[in-house]
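Structural characterization, general
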Amino acid sequence: MEAQLFHIFRNTPLGRETLLQSLYFCKKTDAAPVVYIPKFTKFLMYFENDVVQVDLDESYLCSAHTAFEHAEALIRDARLEPNFLEPRNFTASTLPDIPTHFDFMCCPRSVSDLSSKIGLGYIGPRVRRIVNAAHFPVLLTSPVYKPWHSIAVFFGGSANAVSALRLGLRIRRISGLPLEVFTQAEKKPEFYEKVIQQEGLEAKMAQSVDKWHVFETGTLEENLYDVPHDALVIMGAFGHGLIRDLVFGSIMERIQSIISNNLLVVGPRYTANI
Amino acid sequence: MRMITPWRHPANWNIFRIDDRLLLIFIGIIVGVCSGVAAVALSRTLIFLLNWLHPFRHYWWAFVLPGVGAALSSLFLNNFLNEGAGHGVPEVIYSVSRYGGLIRFRSSFSRLISSCLTIGSGGSAGPEAPIVMSGSAIGSNIAKFFSLNDRQRVTLVGCGAAGAISAIFNAPISGMVFTIEVILGEWTALNIVPIAIASVAGTEIAHLLQGDHIVFEYGHFDIAFVDILASAGLAVVAAAVSIALTRAMRGMHKVAGRVPTSPWARAALGGFAVGAIGIYLPVVLGEGYHSIQEAIDGVFLPGLAVAALATLSKILATAFTLGWGGSGGIFAPALVIGSLAGLTFHRLIVLIWPSVAWVNEGCFALLGMAGLISGMLQAPLTGIFLIIEITGGYDVILPLIVVSAISSTVCQYLEPASFYLKELVEKGQLLRPGTDARVLSDLSIQELLEKDCICVGRNMLLREFIDIIQESHRNYFPVEDEETGHFLGLIHLDDIRPYLFNPGMYDAVIMEQLMHSHAEVVRLDDDLGKVLRRMDEKRLFSMPVVSNNRFVGMISKATLLDQYRKELRVQTCQ
């Protein structure tokens, strides 16, 4: 079945760049964009065990009369079918419920703050809640349109990292783009190989991964320089540690604060198929 | 970490593996205690605010106080907490109906604060709906913390609502009955036991924090047969007043919506109007429990005309407060209006038949309260038990049953849904457990998709198609455009039967000629109830599901009804 990517359209230049990223992602992964043009600054997303209220900033309501035609033009330019989401259910009269059955969702790093505040190294609390609760991965876009020509998966051995790797292999299969795996070794390299073996991914790795970089020396920051600047970076949201339920994994936090690539973040509820 | 993780999954604890109900009872006690504490906190804060503002009410400018309170309440709710919602109970029912009782954490405190500002400053509203919202949100979030499933979460939402109502009225049975009758709409053993325990927990915590007291004490009433007869007349009056209050609030909400200003300014305007009424009739201000006690004690001094005027004014003040954006519920105003209506009715019949030995007017005030609650909520049991419990006696039980039964029946006849449910029913969003709409809403098209169909190209020859028929187990074959992959139509096996035994046609007919290009299609986000209706109307047994112009599978009536039965069994615990 065709995958769907959910996108909240912001009718500003920043919103245009974000939609372009979504459309590029859709084309590469053979997904269909589902665009929501908000009429209210807030909406609810009811996940399986959590309800997330997203509070958009006022720029999402900018020039409502041109938003539809701008979004449609961009989608048609990308040779994709426009598909706009109109909320059917409302928790309250100004609080629509947005479905959560999508395969991907695109978010800027923050959906709740003014665009002037959004930058690298900051993922808004709403986006974190969505990643935490959703069964789909979240695409965090770079501030300007940046096509990607390869896939980079960060693999640290955790359950979410395995999901990220599976997702990377899936996108590699659909898009045909080269896939590289990056590991900042905190344990012996055998540990990571054993995880791959236990998950039954050995053959797939050998077949689909172009190179597995295992950094045994050097800091993460300097090793990240090796990540292609035009790669889609896929990683798990949570590390492994005592406070993993409360914050994103520390490695993930450091990666996202340093690189400007498009990120595809896999949360704990995502179950990936290759 | 291993030591901590099991706390989030109590269903795995050995003690709860014996029986799922034990788990719900245990967590229900926690929820009942928390919601009871929230109810006491709201009640205490309201008393403090009302006392603090009391000296200022004698000044000429006091009419601005309810306006300022309502504006602050609206600002807090809409701008600070981004809640932007109504008075709460419909939201709780909606979340129970559609989303297994998932409620935002912020709702556990937002309404407490906003309703404090509205009611404390003199707005005509009650604290019960906000506290129900708050208790329900506490129950929902505790269930979420412990990773409980939908059904358990709904029960805990009920526990929160019951604990809160029980604590605020010192009325455990009313809390339980209100929750089951109004919020959940489902009487099952699985619900009742934890909710009853939570009610007890809520009541006990209120006893502990503020002592055991009866909300409205009264003396003894000697009810005669003639009073029971008169109570039937009062029931009709109560029903009329209930309808008037419901329609006044909805009408006022619509009028307010047309005023082109921000929500906080709208709330302020409504508050100023309430303040202006309050200058002449202070009985309309605040929750109004004091005036209820006066009516029950028979010491409400003004005469018949003023009592009638006070009833109408309270209706107007409540409509101005809640319809224009203030925060609070209708429970307390309904009790006040009911007591005033009962009082007015008593004085009227005394005027008409002075020779009859009528019971004390306080009794009719009680009956009026039951009539209003039963009529507004269309929940007769809630009305009966609430009055019994908040007055601490069974003296009036017979006329109470008469009033509640007649009032709720008349209201049901005139308004198909209660005040809390009206909006949800109008939008088709009220889905009670075990009903057709609820079962269908819990199924999704994705889980019913049959994906073993073989697609054929529009230019495929009949000869090639016959080979495909041999491979397939299905009667339907979707036709796609070879280049774009777009769905074009559907071929049924019957359509090719005339050509099957004519080999001469094998290389002459292509699929495009045979297909139904106007086949009824279903979208992935279509409502299953509507899909089933379309199948019935068009006499279809299968329909193709199309997403983004591409065929994704078939949906059949047989699979749908199979899943329907399974879901119905789950929902009705069979």
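The shown structure was predicted, so the numbers you read here are calculated from the model rather than taken from an experiment.

Procedures and definitions
- Residues numbered from 1 in each chain as written.
- Chains lettered and ligands numbered in written order.
- Predicted model: local features only at pLDDT ≥ 70, side-chain atom pairs only at ≥ 80, totals over all residues.
- Heavy atoms only, no water.
- UniProt positions renumbered as here; feature names shortened; annotations may be inferred.
- Helix = DSSP H or I, 4+ residues; strand = E, 2+ residues; numbered from the N terminus.
- Expected span 1.5 Å × (residues − 1).
- Buried < 20%, exposed > 50% of the residue type's maximum accessible area, 1.4 Å probe, protein only.
- Contact = heavy atoms within 4.5 Å.
- Core = buried A, V, L, I, M, F, W, Y, C linked by side-chain atoms within 4.5 Å.
- Buried area = accessible area lost by both parts, 1.4 Å probe.
- Pairing = 2+ DSSP bridges.
- Axes fitted to C-alpha atoms, helices over the stretch in contact; angles between N-to-C directions.

This part covers the UniProt feature "transmembrane region" (unreviewed entry) in chain B. Within this numbering scheme, the UniProt entry marks residues 21-47, 59-77, 154-177, 221-244, 264-286, 298-324, 330-352 and 364-390 of chain B as carrying the feature "transmembrane region" (unreviewed entry). Taken end to end, residues 21-47 of chain B has its terminal C-alpha atoms 38 Å apart, with 100% of it in helix and 0% in strand.

A separate point is the UniProt feature "domain: CBS" (unreviewed entry) in chain B. Residue and element names in this part refer to chain B. Annotation from UniProt places "domain: CBS" (unreviewed entry) at residues 449-508 and 515-570. Secondary structure across residues 449-508 divides into 30% helix and 22% strand, with the first and last C-alpha atoms of the span separated by 34 Å. Between the end C-alpha atoms of residues 515-570 there is a gap of 40 Å, over a span that is 45% helix and 23% strand.

Take helix H11 (residues 263-280) of chain B next. All names here are of chain B. A rise of 1.5 Å per residue sets the reference length of H11, with its 18 residues, at 26 Å; its end C-alpha atoms lie 27 Å apart and thus fit the reference within 8%. Buried residues of H11: Ala265, Arg266, Ala267, Ala268, Gly270, Gly271, Ala273, Val274, Gly275, Ile277 and Gly278, and no others. Those residues of H11 that are buried are in contact with helix H3 (64-80), helix H10 (225-257) and helix H13 (304-323).

Another point: the nonpolar core. Counting 129 residues, the largest nonpolar core has B:Phe169, B:Ile183, B:Leu377 and B:Tyr420 as the members making the most contacts within it. Leaving out residues up to four positions away in the same chain, B:Ile183 has contacts with B:Val89, B:Val92, B:Ile93, B:Val96, B:Val132, B:Ala161, B:Phe178 and B:Arg432. In this structure, A:Leu80, A:Leu177, A:Ile196 and A:Met205 belong to the second largest nonpolar core, which totals 47 residues.

The next subject is the interface of chain A and chain B. Every contact between the two is made by 32 residues of chain A and, on the other side, 35 residues of chain B. Contact between chain A and chain B buries roughly 2,800 Å² in total, counting both sides, with carbon and sulfur atoms accounting for 45%. Elements that contribute at least two residues to the side of chain A that touches chain B include exactly strand S3 (42-46), strand S4 (51-55), strand S5 (89-92), strand S6 (95-98) and helix H3 (125-133) of chain A. Counting residues per element, the side of chain A that touches chain B draws most heavily on S5(A), which supplies four residues.

A few words now on unusual backbone geometry. In this model, A:Arg79 sits at a positive phi of 60 degrees, which is unusual for a non-glycine residue. Among the structural elements, A:Arg79 can be located in the loop between helix H2 (64-77) and S5. Despite not being glycine, B:Ser147 shows a phi value in the positive range, around 55 degrees. Tracing the backbone through its elements, the reader meets B:Ser147 in the loop between helix H6 (128-145) and helix H7 (150-169).

Time to look at the sheet that holds S6(A). Judged by pairing direction, the sheet is mixed, and its four strands sit side by side in the order S4-S3-S6-S5 (chain A) without closing on themselves. Single-partner strands in this sheet number two, and they are S4 and S5 of chain A. Ignoring strand direction, the axes of neighbouring strands in this sheet form an average angle of 35 degrees. In terms of strand pairing, S3(A) meets S4(A) through five bridges, oriented antiparallel. Looking at S4(A), one finds that A:Leu44 is bridged to A:Gln53. Packing against the sheet, helix H4 (residues 89-99) of chain B makes contact with S3, S5 and S6 of chain A, and its axis sits at approximately 145 degrees to S5(A).

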